[in-house]
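# Analysis of the macromolecular model
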Amino acid sequence: MTFLIVFACTVVAVFLMKPAIKKAPAAWYVAATVLMALYVSGLQGWLPLPVPVRSTLFLLLQKGFLAVALFAVVMFIGAFPRDGRPRKHLMAIRAELSIIACILVCGHIVVYCLSYVPLVLEAGIINPFVAVGLAVAAAITVLLIVLGVTSFGSVKVRMSKQAWVKVQKWAYVFFSLTYAHVLAMLLPSALGGGTAAVQSVAAYTVVFGVYAVLRVARALRESEGAVSKVSAHRF
């Protein structure tokens, strides 16, 4: 259930820090980069870190908890009603949160590419779930780069609105693949009776499931609203 705790704390932190993030986003990008670099350096033994620091970074970044929590917040913002207070409050920093999450998840990608992937390849026999998880991870990485780069305002202004919207719609695919990746990597342990894995699968399913329900509900409301407008116009 660690992910649910991290997600809840992330939601609270985002609401409280919204003014600071909006005022100086670059400072947050630097902070995220420093955290990511410390995590990679500490885990690879390149930089000795105090145990509390190493433990905290491991908890937040090893499994991508903090990055996924931020991505979830970004997606939930888009699922809320357009006139709702949460959406109005956080919409102004949605791009910034996305960029911070992209930076943080790079640590997760780098560490697993340096340690986990070579071990899996050396083993020779790859678990089907792990094979799927790694294939999905490759697709996620490509989408991460595209979505992350186009989230920067300096890139957005150079694109047509139509092109930018088309690219950003891939965020739905990215988020769905993130859940698929998590399931593929956790299911072998969960099916084997691993308590922590079962709890993690349940936690991720709750968050991603609630998002799916909210997103579908909003789509249905907007569809009904569009139909009502057309009907009113005809009469």
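Residues numbered from 1 in each chain as written. Predicted model: local features only at pLDDT ≥ 70, side-chain atom pairs only at ≥ 80, totals over all residues. Heavy atoms only, no water.

## A short note on the nonpolar core
Ranked by internal contacts, the top residues of the largest apolar core, which has 53 residues, are Phe3, Phe7, Leu70, Phe71, Leu97 and Leu104. Secondary-structure elements contributing two or more residues to this core are α1 (2-23), α2 (25-43), α3 (51-62), α4 (65-79), α6 (94-123), α7 (128-150), α10 (170-191) and α11 (195-234). The leading source of residues in this core is α4, at 14 residues. Once you skip the residues sitting within four places of it in the chain, Phe71 turns out to touch Ser98, Ala101, Cys102, Val105, Leu144, Phe174 and Phe175. (Core = buried A, V, L, I, M, F, W, Y, C linked by side-chain atoms within 4.5 Å. Buried < 20%, exposed > 50% of the residue type's maximum accessible area, 1.4 Å probe, protein only. Helix = DSSP H or I, 4+ residues; strand = E, 2+ residues; numbered from the N terminus. Contact = heavy atoms within 4.5 Å.)

## Some details on the packing of α7 against helix α9 (residues 161-168)
One way to put it is that α7 packs onto α9 with a least axis distance of 10 Å and a crossing angle of 140 degrees. For the element pair α7 / α9, the angle class is oblique. Between α7 and α9 lies a crossing of left-handed hand. Residues Val146, Leu147 and Thr150 of α7 lie in contact with α9, whose contacting residues are Trp164, Val167 and Gln168. Across the contact of α7 with α9, the residue classes break down as 4 nonpolar, 2 polar and no charged. (Axes fitted to C-alpha atoms, helices over the stretch in contact; angles between N-to-C directions. Parallel < 35°, antiparallel > 145°, perpendicular 65-115°, else oblique. Left-handed = near helix turned anticlockwise from the far one by under 90°. Nonpolar A, V, L, I, M, F, W, Y, C, P; charged D, E, K, R; others polar.)

## Points about the environment of Gln168
Assignment of secondary structure puts Gln168 in helix α9. Between the C-alpha atom of Gln168 and that of Leu147, which follows or precedes it by 21 residues, the distance is 6.3 Å. Setting aside its immediate chain neighbours within four residues, Gln168 contacts Leu147, Thr150 and Ser151. Within the local environment of Gln168, its side chain forms a polar contact with the side chain of Thr150, the two groups lying 2.8 Å apart. (Polar contact = N/O pair within 3.5 Å; in protein donor to acceptor, adjacent residues only side chain to side chain.)

## What to know about the UniProt feature "transmembrane region" (unreviewed entry) in the protein
Listed under "transmembrane region" (unreviewed entry) in the UniProt record, and renumbered for this structure, are residues 26-47, 59-80, 92-117, 129-149, 170-190 and 196-214. Taken end to end, residues 129-149 is 100% helix and 0% strand, and its first and last C-alpha atoms sit 30 Å apart. End-to-end, the C-alpha atoms of residues 170-190 are 29 Å apart, and along that stretch the chain is 100% helix and 0% strand. (UniProt positions renumbered as here; feature names shortened; annotations may be inferred.)

## A few points about the packing of aromatic side chains
Taken as a whole and judged by the stated rule, the model has 13 aromatic pairs. On the basis of an interplanar angle of 40 degrees and a centroid distance of 5.9 Å, the ring pair of Phe7 and Phe76 is categorised as tilted. Of this pair, Phe7 sits in helix α1 while Phe76 is found in helix α4, placing the two residues 69 residues apart along the sequence. Overall, Phe7 belongs to the buried group, its relative accessible area being 15%. An angle of 40 degrees between the planes, with centres 6.4 Å apart, marks the rings of Phe65 and Tyr204 as tilted. One end of the pair, Phe65, is in helix α4; the other, Tyr204, is in helix α11, with 139 residues separating them in the sequence. Of the two residues, Phe65 and Tyr204, both sit in the buried class. Through a chain of ring-to-ring contacts, the aromatic side chains of Phe3, Phe7, Phe65, Phe76, Phe80, Phe175, Tyr179, Tyr204, Phe208 and Tyr211 assemble into a single cluster. (Phe/Tyr/Trp six-rings, centres within 6.5 Å; stacked < 30°, edge-to-face > 60°.)

## Digging into the pattern of salt bridges
Two side chains carrying opposite charge are able to pair once their charged atoms lie near each other. As enumerated under the stated definition, the model contains 1 salt bridge in all. Between Glu96 and Lys22 there is a salt bridge, with the nearest N and O atoms lying 3.6 Å from each other. Highlighted residues: Glu96 in helix α6 and Lys22 in helix α1, separated in sequence by 74 residues. Classification of Glu96 by relative accessible area gives buried; the value is 11%. (Salt bridge = Lys/Arg side-chain N within 4 Å of Asp/Glu carboxyl O.)

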